[in-house]
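# Summary of the model geometry
So the chains spell out like this:
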Amino acid sequence: MSWPLYSSMMKSHAKMLGGFIYGAVAYIVLIIWIYPSIADMKGFNDMINALPEGMRKLIGMENGINSLADYIAGEFYGMLFLIILMVYVILTSTRLMARLVDQGSMAYLLATPNSRLKIAATQAAVIITGLALIVAFTTLSGIAASEWLISGYELDVASFVTLNVLTFLIFLVIAGYCFFISSSFNDEKKALGISAGLTLFFYMLNMAGKLSEDTEWLLNFTIFKLYDPIKMINNETDALLTGTMLVMAALVLFGGSLVVFKKRNLPL
Amino acid sequence: MINVKKLTKRFTPEKGLFDLNFEVKKGEVFGYIGPNGAGKSTTIRHLMGFMKPDDGGSTINDLDCWAKSAEVQKLIGYLPGEIVFLEGMNGLDFLNLMQKMRKQNVPQKRDELIERFQLDVKTPIRKMSKGMKQKVGIIAAFMHDPEVLILDEPTSGLDPLMQRVFIDLILEEKQRNKTILMSSHSFQEIERTCDSAGIIKDGRLVALEDIHSLRTVQRRVFEVKVKKESDVETIRQSQLQTEVMGKKTVHITVQGNDQEFVQLLSHCEVEHVDTRPQDLEDIFMHYYDRKEVVK
Ligand SMILES: Nc1ncnc2c1ncn2[C@@H]1O[C@H](COP(=O)(O)OP(=O)(O)OP(=O)(O)O)[C@@H](O)[C@H]1O
Ligand SMILES: [Mg+2]
């Protein structure tokens, strides 16, 4: 790690990161705030139950809304947060490596006595920090909002934190392969296109896999198989095992990125 | 100090670098010239450790430029051919970042250079003109007082006054025994600063000479006007390469045989001698002509 580079990158990155944090926080607070009115609405669950099973799975409401936890996990973590984090991770990973190589400013970073490994590790630290900050702020505001904004509904903090840690780790892996792609290409647009394409492809596999039993096998080919917010918040998954696997995968991907970047020709 | 040995990089069979060999000794200024797309920047990228050679390699101070690139960078000040800085910074932020990344905190030389190039460092980089960016790049290359300077077209975008400031800077660094390699399209700049020059064309080094010997092999054409037609005959009889231009006018080509030339003229009644002032450009132009290579 090169600290001067890290702090300079964080500074120039702050505006965009702030935007994402603001978006995530505002939305989770809003969604928690309107929970009481939805929970009190008679017939909401009947309506949900009337939908075909595949559809219910898709929108993350297999069993309707039974608790605040289910609601947050399904409505926010199952949809919007997923998209926010996907966009953040894809954009940021591309900006941190491929863009600098494409534009040529990487030449200046490598013209200092810092090795390529060190420079790439610093850039990786920037995206990991950013991701951690988004998730951390969201967690805190989720807890705060359910505590103070609404009354009469309990959110189990421990399992909510578990959900967030696992969410962070899933996206750490996604960030890992995006960063790997970003470290391997000279063309910013190509890196962006491939990262976005691959992630979207995984997401579609996930949707297709959840539609019916015939297509379930597709889930084996997507990282999103591991991402089931409702099960996670209800502690129905083996968090420790999943977490360990994700950490290992992330280590391999980020490590691989550094090695690829160290070994390759740069057209600077 | 800088050693390039059998450096080969094949982008395509004709494009790239092919078996490049040259050396720049400590304290020497080396001019690297050649037409667009010849491979100057590609050579420099290898010296910076950005590219891995297919064959051969280069060393700076006996450190391999690819394998030991981070260590090599401690010695080098680098000015890229196409300068792009990090986004969202002003000139001073950028220079500060570079200094910190080099673990350097003596601002004297930096401030002296800013003063010298009359740069307004507080301007955001994206609002800078080409010349201003070039100045930031030059300052970034020189401010840590490196042993070796690698400069890719350093004066591009600078106004004539600033070009002069730059040349003075190079001459000063040369006095201080710094090793400099610079690519350039400006013959005047090379002529005034360099000890030796390498000429590259289509990825191959076509000439490697020191500037003084380039000067001595320089051809000069004299236009001599004599008073009597018989003198023209005398001149034509001589060993020198001559060409009769008019009744009493002859062009005599001199290349290293000035003595003979003067002796010859002493036998004639000369009315007028004229020579076109030539510079290195005349020598280099010969290498630059694209069609030459096809032969
Ligand atoms: N990464 C690359 N991949 C393929 N070809 C390349 C690459 N980099 C450079 N080239 C080609 O190699 C040749 C040499 O390019 P280079 O940039 O070294 O030229 P140059 O001598 O610096 O020219 P100029 O005077 O215009 O700066 C060019 O034909 C260029 O297209
Ligand atoms: Mg060039």
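Our subject is the structure listed above.
Scope of this entry: the structure provided in the associated data block. (Residues numbered from 1 in each chain as written. Chains lettered and ligands numbered in written order. Predicted model: local features only at pLDDT ≥ 70, side-chain atom pairs only at ≥ 80, totals over all residues. Heavy atoms only, no water.)

### Looking at the site of ligand 1
Here is the rule we go by: Whether a residue is near a molecule or strand depends on its heavy atoms: if one lies within 4 Å, it is near. Side-chain atoms alone can form a polar contact between residues adjacent in sequence; in general such a contact is a pair of N or O atoms within 3.5 Å, and within protein one must be able to donate a hydrogen while the other accepts it. Note that accessible areas follow from Shrake-Rupley with a 1.4 Å probe, and for residues the cover is restricted to the protein chains shown.
What surrounds ligand 1 is a group of 15 residues, the closest being G37, G39, K40, S41 and T42 of chain B. Near ligand 1, residues from chains A and B are present, making the site a shared one. One of the side-chain N or O atoms of S41 of chain B is found 2.6 Å from an oxygen atom in ligand 1. When isolated, ligand 1 has an accessible area of 640 Å², and the protein chains bury 68% of it.

### Details of the packing of aromatic side chains
The condition is simple: Paired rings are identified among Phe, Tyr and Trp, the last through its six-membered ring, by centres lying within 6.5 Å, and are further divided according to the angle between planes into stacked (under 30 degrees), edge-to-face (over 60) and tilted (the rest). Between buried and exposed lies partly exposed: a residue is buried under 20% and exposed over 50% of the maximum accessible area for its type, with that area taken using a 1.4 Å probe on protein chains only. A run of DSSP states H or I qualifies as a helix once it reaches four residues; a run of E qualifies as a strand once it reaches two. Both are numbered from the N-terminal end. Put simply, a charge is over a ring when the Lys NZ or the Arg CZ is close to the ring centre, within 6 Å, and near the line of the ring normal, within 35 degrees.
If you walk through the whole model with that rule in mind, you get 24 aromatic pairs over all chains. An angle of 85° between the planes, with centres 5.2 Å apart, marks the rings of F76 of chain A and Y77 of chain A as edge-to-face. F76 of chain A sits in the buried class, given a relative accessible area of 0%. For Y77 of chain A, a relative accessible area of 0% puts it in the buried group. Summarising the aromatic geometry, the rings of F222 of chain B and F261 of chain B are spaced 4.6 Å apart at their centres and angled 25° between planes, so their arrangement reads as stacked. Taken as a pair, F222 of chain B in strand β11 (residues 220-226) and F261 of chain B in helix α10 (residues 258-266) lie far apart in primary sequence, 39 residues in all. F261 of chain B shares its class with F222 of chain B; the two are buried. Members of the aromatic cluster, joined through ring pairs, are Y27, F76, Y77, F81 and F160 of chain A. In this structure, R116 of chain A is placed above the aromatic ring of F261 of chain A, and the distance from its NZ or CZ to the ring centre is 5.9 Å.

### Remarks on the pairing of strand β13 (residues 249-254) of chain B
Residue and element names in this part refer to chain B. Threshold: Here, any two strands with at least 2 DSSP bridges between them count as paired.
Counted residue by residue, β13 has 6 buried out of 6 residues, so it is predominantly covered. Alternating residues of β13 divide into T249, H251 and T253 and V250, I252 and V254, and every residue in both groups is buried. Strand direction decides the pairing type here: β11 and β13, joined by 6 bridges, are antiparallel. The residue of β13 that forms the bridge with V221 is T253. Here strand β12 (residues 241-244) pairs with β13 via 4 bridges, running antiparallel. Considered in β13, the bridge of E243 is made with H251. As consecutive antiparallel partners, β12 and β13 are separated by 4 residues.

### Digging into unusual backbone geometry
Residues and elements named next belong to chain B. Its identity is not glycine, yet K103 carries a phi of approximately 55°, on the positive side. Inspection of the secondary structure assignment puts K103 in the loop between α3 (91-101) and α4 (108-116). Under the relative-accessibility criterion, K103 is labelled exposed at 68%. Look at D145: it is not a glycine, yet its phi comes out positive at around 55°.

### Thoughts on the sheet that holds strand β6 (residues 76-79) of chain B
All names here are of chain B. The condition is simple: Axes, fitted as lines to C-alpha atoms, cover a helix only where it is in contact. Angles between the N-to-C directions of the axes lie from 0 to 180 degrees. Contacts are assigned to residue pairs with any non-hydrogen atoms lying within 4.5 Å of each other.
Pairing in this open sheet of 6 strands is mixed, and the strands run β6-β7-β8-β3-β9-β10 from one edge to the other. Edge positions in the sheet fall to β6 and β10 (204-210), since each has one partner strand and no second. Across this sheet, the average inter-strand angle for adjacent strands is 15°, counted without regard to direction. Pairing of strand β9 (residues 196-201) with β10 involves 6 bridges; the strand directions are antiparallel. Along β10, the bridge assignment pairs G198 with L208. Running at roughly 145° to strand β7 (residues 148-152), helix α1 (residues 40-47) makes contact with β3 (29-33), β6, β7, β8 (179-183) and β9 of the sheet.

### What to know about the interface of chain A and chain B
Accessible area lost during the coming together of the parts is what is often quoted as the interface size. Just so we agree on the cut-off: As a working definition, buried area equals the accessible area (1.4 Å probe) given up by two parts on being put together, with both sides summed. Take a side-chain nitrogen of Lys or Arg and a carboxyl oxygen of Asp or Glu: if they are within 4 Å of each other, that pair is a salt bridge.
Chain A puts 30 residues into the contact, and the matching count from chain B is 29 residues. In this assembly, chain A packs against chain B so that about 2,300 Å² is buried in total across both faces, 62% of it on carbon and sulfur atoms. Counting across the chain A and chain B interface gives 1 salt bridge. Here E87 of chain B ties to R99 of chain A by a salt bridge, and the two come within 2.7 Å at their closest N and O atoms. Our count for the chain A to chain B interface comes out at 11 residue pairs in polar contact (both at pLDDT 80 or more). Listed by contribution, the elements that provide at least two residues to the side of chain A that touches chain B are α1 (3-33), α6 (98-103), α7 (106-110), α8 (116-148) and α12 (239-263) of chain A.

### Thoughts on the nonpolar core
In plain terms, the rule: Buried Ala, Val, Leu, Ile, Met, Phe, Trp, Tyr and Cys residues form a nonpolar core when they are joined through side-chain atoms within 4.5 Å.
With 150 residues, the main nonpolar core has M106 and F224 of chain A together with F94, F142 and L151 of chain B as its most contacted residues. Broken down by element, the residue count for this core peaks at 16 residues, all from helix α5 (residues 68-96) of chain A. If sequence neighbours within four positions are ignored, M106 of chain A has contacts with M97, L100, V101, I119, F261 and L268 of chain A. Ranked by size, the runner-up nonpolar core spans 13 residues in total, among them V232, I252, V254 and L265 of chain B.

### Some details on helix α10 (residues 188-211) of chain A
Residue and element names in this part refer to chain A. Here is the rule: How far a helix is expected to stretch is found by multiplying one less than its residue total by 1.5 Å.
Its 24 residues place the ends of α10 35 Å apart at the C-alpha level, agreeing with the 34 Å of an ideal helix rising 1.5 Å per residue. If you check which residues of α10 are buried, you get E188, A191, S195, T199, F202, Y203, L205, N206 and G209. Of the surrounding secondary structure, the elements contacted by the buried residues of α10 are α5, α6 and α9 (157-184). Of the residues that open α10, the one with a side-chain oxygen 2.9 Å from the backbone nitrogen of K189 is D187.

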